[in-house]
Amino acid sequence: MENHVTQISREDLEDLREAFMKIDIDNSGYVSDYELQELFREASFSLPGYRVRDIVEAFVAGDTNKDEKISFEEFVSIYQELKSKEFSETFRRTIVRRDGIRSFGGTSGISSEGTQHSYSDEEKVAFVNWINKALAKDPDCSHLLPMNPDTDTLFNSVRDGILLCKMINLSQPDTIDERVINTKKLTTFTMTENLMLALNSASAIGCTVVNIDAHSLMSGKPHLVLGLLWQVIKTGLFADIELSRNEALINLRAEEEELDHLISVSPEELLLRWVNNHLSNAGTQPITNFSDDIMDSRAYFHLLDQISPKGEEDDVLRVDIDMSGLGEPDLERRAELMLRQAARLDCRQFVSPHDVTSGNTKLNLAFVANLFNMYPALRGNSTETLLIKGESREEKTFRNWINSLGVSPYVNHLYCDLCDALVIFQLYEKVNVPVNWKKVNRPPYPVLGANMKKLENCNYAVELGKNKAQFSLVGIGGENLNEGRAMPTLALVWQLMRRYTVLVLSDLGNGEKVGDQIILNWVNTTLSQGRKDTQISSFKDRLISTSLPVIDLIDAIAPSAVKREMVKRGERGDAGALSDADKLNNAKYAISVARKIGARVYALPDDLVEVKPKMVLTVFACLMGRGLKKVDR
């Protein structure tokens, strides 16, 4: 039995298929052999290049088609072999640590296919410790915390949705109006509401929640719980690792590097540059990754020594890092000594000694991000930081919407990351605009002529928008997208988002094209039928600044969802009767209640207060979709 190839569970198979589809962006059913390493990364494997080359060589040798392409079935076969006894030692060393993997599940009632899954025990322990510390003083979580990292209580802790909502607010403050969270007399229904609120709010901050629903979280499925928590935690850890939030990062600019390019660099790359900046100051070798290069703890010792407080300011106590641990020959013992120094900075988070010595990329990345957030130890450059313009609210909303759909690669900068149009093509397919992938140039691009290939993609993207999607793109050409021009890019992305938002309405209306006037008429009709006094003349109506039309509409389609004592009314029909603070409180409440009843709203409270017509339209369209679905409450 030990020599049999490992069986793949149905849910693991779905995870593998999702990873495969992210790489197979032309939906051909195949990936090229040179894309295999990227595919392994998407499937949460961590294989060094030489191992991938060995696998490719073995595959090519046995490839009867000789087409150097890998189908999904062939990829699954490779995956099974890696998990089988024959490859177990390699699997232990290069993919996952078997001593840190837990199995759960049993036998499926649907078929004889096994339902045994795996999850990382190291991740579970790291996340539990982080949550215990972060939410220790939150009274709404006192029934859950502290959790024991040695048990599986984490997976049951998300069942009522409270902890997830709190973690989302920890990562992105004020995402959820906590007045909306159900905390008393919890029932299955109210817990489901909390989970719906958490999932829609996670989506709004850019987390991918595809294939995750309230039922799967209430069931405590470990791989889904850990996957969602990692996205939420990572969002919080990376929030300040960008130039507009931390101008001192300008010191990490490479020689002759344009400021615009530095702004577009991913948080992961900025963290690597930050570490190497301090290692250079320490006179030691740089690192190229957060896996193999940190396993001996040397880089970490020098990093801690560089960033530790030197007591140069009156209110800062000096912390001298004990570097003697570098002489410890046993790597795991050395890692423990290093982490004891990190603890003196209150930064012993996310990693154990074994996570360091085995090169757990995800947890080491989190460890370094937390170090950066606590002790960046960079000085700003006042002459150039004035040139740095932060991401606008509109840009952030669009970027979060794009990332929530699970596009690849992840969009860190709206303009730079769309300049080859590959993400735009994926968005077209999300809104049912067919893409001829044979006309698309895909990376790796040639060294010479790379930008020409990207420009060809952008020209095709504009052509699709004009001819297939019937978008209004007057005066917009492919070069505008390729150059990262703000207004043309925003115009295209807005029309994609609008189409995505109202697509569900077309489905519910038997394919009828839904225009703005249809949505507006539905809003006013529903308000009248619900015996509400509020009416709006357009999506620019100043009454919307009070959020009362939104709140009344929610109350009409989902009775009992709105707690009337939470809403500030003032004089009916007079937008000026409410203070700015009351308007903002109403808006926060309206957005959170909308998400709680199942409307995936990406707009922000300020969009309602300022009556931004585009975002206002999406709010009412999402509520129309929720209303027409007649979801039982």
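Residues numbered from 1 in each chain as written. Predicted model: local features only at pLDDT ≥ 70, side-chain atom pairs only at ≥ 80, totals over all residues. Heavy atoms only, no water.

### A word on the overall build of the protein
On a plain count of helices and strands, the protein comes out with 28 helices and 4 strands. Here the protein, with 633 residues, has 52% of them falling under the buried criterion. Considering only contacts in the protein between residues 6 or more positions apart, those separated by 24 or more positions represent 60%. Just so you have it, the protein exposes about 29600 Å², and 48% of that area is on carbon and sulfur atoms. (Helix = DSSP H or I, 4+ residues; strand = E, 2+ residues; numbered from the N terminus. Buried < 20%, exposed > 50% of the residue type's maximum accessible area, 1.4 Å probe, protein only. Contact = heavy atoms within 4.5 Å. Areas by Shrake-Rupley, 256 points an atom, 1.4 Å probe, with all protein chains shown as cover.)

### Details of helix 15 (residues 331-344)
For helix 15, which comprises 14 residues, the first-to-last C-alpha distance of 20 Å matches the rise-based estimate of 20 Å (1.5 Å per residue) to within 8%. Three or more residues of helix 15 are buried, namely Arg-334, Ala-335, Glu-336, Met-338, Leu-339, Gln-341 and Ala-342. Here the buried face of helix 15 lies against helix 14 (298-307), helix 16 (353-357) and helix 17 (361-374). The opening residue of helix 15, the one whose side-chain oxygen lies 3.2 Å from the backbone nitrogen of Glu-332, is Asp-330. (Expected span 1.5 Å × (residues − 1). Polar contact = N/O pair within 3.5 Å; in protein donor to acceptor, adjacent residues only side chain to side chain.)

### Observations regarding the packing of helix 13 (residues 267-281) against helix 14
Where helix 13 meets helix 14, the axes come as close as 9 Å, and the angle between the chain directions of the two elements is 80°. Relative to helix 14, the element helix 13 is oriented roughly perpendicular. Contacts between helix 13 and helix 14 involve Trp-274, Val-275, His-278, Leu-279 and Asn-281 on the former and, on the latter, Ala-299, His-302, Leu-303, Gln-306 and Ile-307. In terms of residue class, the contact of helix 13 with helix 14 is built from 6 nonpolar, 4 polar and no charged. (Axes fitted to C-alpha atoms, helices over the stretch in contact; angles between N-to-C directions. Parallel < 35°, antiparallel > 145°, perpendicular 65-115°, else oblique. Nonpolar A, V, L, I, M, F, W, Y, C, P; charged D, E, K, R; others polar.)

### Observations concerning unusual backbone geometry
A cis amide bond, omega 5°, links Ser-408 with the succeeding residue Pro-409. Inspection of the secondary structure assignment puts Pro-409 in the loop between helix 19 (393-404) and helix 20 (422-430). The step from Pro-443 to Pro-444 runs through a cis peptide bond, and the omega angle for that step is 0°. Despite not being glycine, Ala-421 shows a phi value in the positive range, around 70°. Assignment of secondary structure puts Ala-421 in the loop between helix 19 and helix 20. Given the relative accessible area of 0%, Ala-421 is considered buried. Residues other than glycine seldom take positive phi values, yet Ser-560 does so here, at roughly 85°. Inspection of the secondary structure puts Ser-560 in the loop between helix 25 (548-557) and helix 26 (580-596).

### Observations concerning the environment of Arg-41
Locating Arg-41 in the fold gives a position in helix 2 (residues 36-42). For the pair Arg-41 and Ala-19, spaced 22 residues apart in sequence, the C-alpha separation works out to 8.6 Å.

### Thoughts on the pattern of salt bridges
Here the structure, examined in full by the defined rule, presents 27 salt bridges. Salt-bridge contacts for Asp-121 lead to Lys-124; the nearest nitrogen and oxygen are separated by 3.1 Å. Remark: Lys-124 and Asp-121 occur in helix 6 (residues 121-134); sequence separation between them is 3 residues, near one turn of the helix. The buried category is assigned to Lys-124, whose relative accessible area is 0%. The network of salt bridges with shared partners includes Asp-138, Asp-140, Lys-166 and Glu-178. (Salt bridge = Lys/Arg side-chain N within 4 Å of Asp/Glu carboxyl O.)

### Re the nonpolar core
Counting 174 residues, the largest nonpolar core has Trp-274, Phe-425, Tyr-428 and Ile-519 as the members making the most contacts within it. In terms of residues, this core owes the most to one element, helix 11 (residues 222-238), which gives 10 residues. Those residues in contact with Trp-274, other than ones at most four positions away along the chain, are Leu-252, Leu-303, Ile-307, Val-368, Leu-371, Phe-372, Tyr-375, Pro-376 and Leu-378. The next biggest cluster of nonpolar side chains, apart from the first, holds 19 residues, and it includes Ile-23, Val-52, Phe-72 and Tyr-79. (Core = buried A, V, L, I, M, F, W, Y, C linked by side-chain atoms within 4.5 Å.)

### Some details on the packing of aromatic side chains
Tallied over the entire structure, the rule returns 9 aromatic pairs. Taking 6.2 Å as the distance between ring centres and 5° as the angle between the ring planes, the aromatic pair formed by Phe-127 and Trp-230 counts as stacked. One end of the pair, Phe-127, is in helix 6; the other, Trp-230, is in helix 11, and 103 residues separate them in sequence. Classification of Trp-230 by relative accessible area gives buried; the value is 10%. Taking 5.7 Å as the distance between ring centres and 65° as the angle between the ring planes, the aromatic pair formed by Trp-401 and Tyr-500 counts as edge-to-face. Taken together, the positions of Trp-401 in helix 19 and Tyr-500 in helix 23 (residues 486-508) put the pair 99 residues apart, joining distant regions of the chain. Exposure remark for Trp-401: the relative accessible area of 1% places this residue in the buried category. For Tyr-500, a relative accessible area of 27% puts it in the partly exposed group. (Phe/Tyr/Trp six-rings, centres within 6.5 Å; stacked < 30°, edge-to-face > 60°.)

### Points about the state of the cysteines
Per the stated rule, a full pass over the model turns up 0 disulfides. No disulfide involves Cys-416; its nearest neighbouring cysteine sulfur is the one of Cys-419, lying 6.5 Å away. (Disulfide = S-S within 2.5 Å.)

### A look at helix 24 (residues 516-529)
Since the α-helix advances by 3.6 residues per turn, residues separated by three or four positions end up pointing in the same direction. Taking 1.5 Å per residue, 14 residues should reach 20 Å; helix 24 reaches 20 Å between its end C-alpha atoms and fits that length. Listed as buried for helix 24 are Ile-519, Leu-520, Trp-522, Val-523, Asn-524, Thr-526 and Leu-527. The first or second residue beyond helix 24 is Arg-531, which carries a positive phi of 60°.

### What about the confidence of the model for the protein?
The pLDDT averaged across the protein works out to 87; a share of 85% of its residues lies at or above 70. Counting interchain partners and residues more than four positions distant, the pLDDT-below-50 stretch residues 1-5 has 6 contacts. Across residues 105-116, where pLDDT falls below 50, the model places 20 contacts with residues more than four positions away in sequence or in other chains. (pLDDT = per-residue confidence, 0-100.)

### Side note on the packing of helix 14 against helix 17
Two elements in contact, helix 14 and helix 17, have axes whose closest approach is 12 Å; the angle formed by their N-to-C orientations is 15°. The angle between helix 14 and helix 17 falls in the class roughly parallel. In terms of crossing hand, the pair formed by helix 14 and helix 17 is left-handed. Of the residues in helix 17, those touching helix 14 at Tyr-300, Leu-303, Leu-304 and Ile-307 are Asn-364, Phe-367, Val-368 and Leu-371. (Left-handed = near helix turned anticlockwise from the far one by under 90°.)

### Thoughts on the side chain of Gln-495
With respect to the element layout, Gln-495 can be found in helix 23. A distance of 3.2 Å separates a polar side-chain atom of Gln-495 from the backbone oxygen of Ala-491. Those residues in contact with Gln-495 that sit more than four places away from it in its chain are Phe-471, Ser-472 and Leu-473.

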